[in-house]
Amino acid sequence: MYVINGKGSVIRLVAGTVVTAGSLLALLESRWWLLVTTVVGINLVISATTGFCLMEKVLEALGMEVRTPAAVLRRITVRR
């Protein structure tokens, strides 16, 4: 699996999904689910201020690689 133009889009997708799920669970089940959204928010602030992103490390450990659009186009044209 790979992502074009950095892991940022995947990280934002994961963060948005977790925040949405946590908010819905807080609304439907228990207010304690708001802790999930709080943790995600704190991690986003830490990432923005220090450059360290835990989700980026997780994605790297899972084998996610970053490709530029030019590299993807080269790969597509080589296959033809």
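Below is a summary of the structure that appears in this document.

**Remarks on the packing of helix α1 (residues 8–28) against helix α3 (residues 54–61)**
- At a minimum axis separation of 10 Å, α1 and α3 run at an interaxial angle of 115°. As judged from the angle between their axes, α1 and α3 are roughly perpendicular. Crossing geometry of α1 relative to α3 is assigned as right-handed. Residue-level contacts link V10, I11 and V14 of α1 to M55, E56 and L59 of α3.
- Along the lines of polarity and charge, the residues of the contact of α1 with α3 split into 5 nonpolar, no polar and 1 charged.

Rules of the game
Residues numbered from 1 in each chain as written. Predicted model: local features only at pLDDT ≥ 70, side-chain atom pairs only at ≥ 80, totals over all residues. Heavy atoms only, no water. Axes fitted to C-alpha atoms, helices over the stretch in contact; angles between N-to-C directions. Helix = DSSP H or I, 4+ residues; strand = E, 2+ residues; numbered from the N terminus. Parallel < 35°, antiparallel > 145°, perpendicular 65-115°, else oblique. Left-handed = near helix turned anticlockwise from the far one by under 90°. Contact = heavy atoms within 4.5 Å. Nonpolar A, V, L, I, M, F, W, Y, C, P; charged D, E, K, R; others polar.

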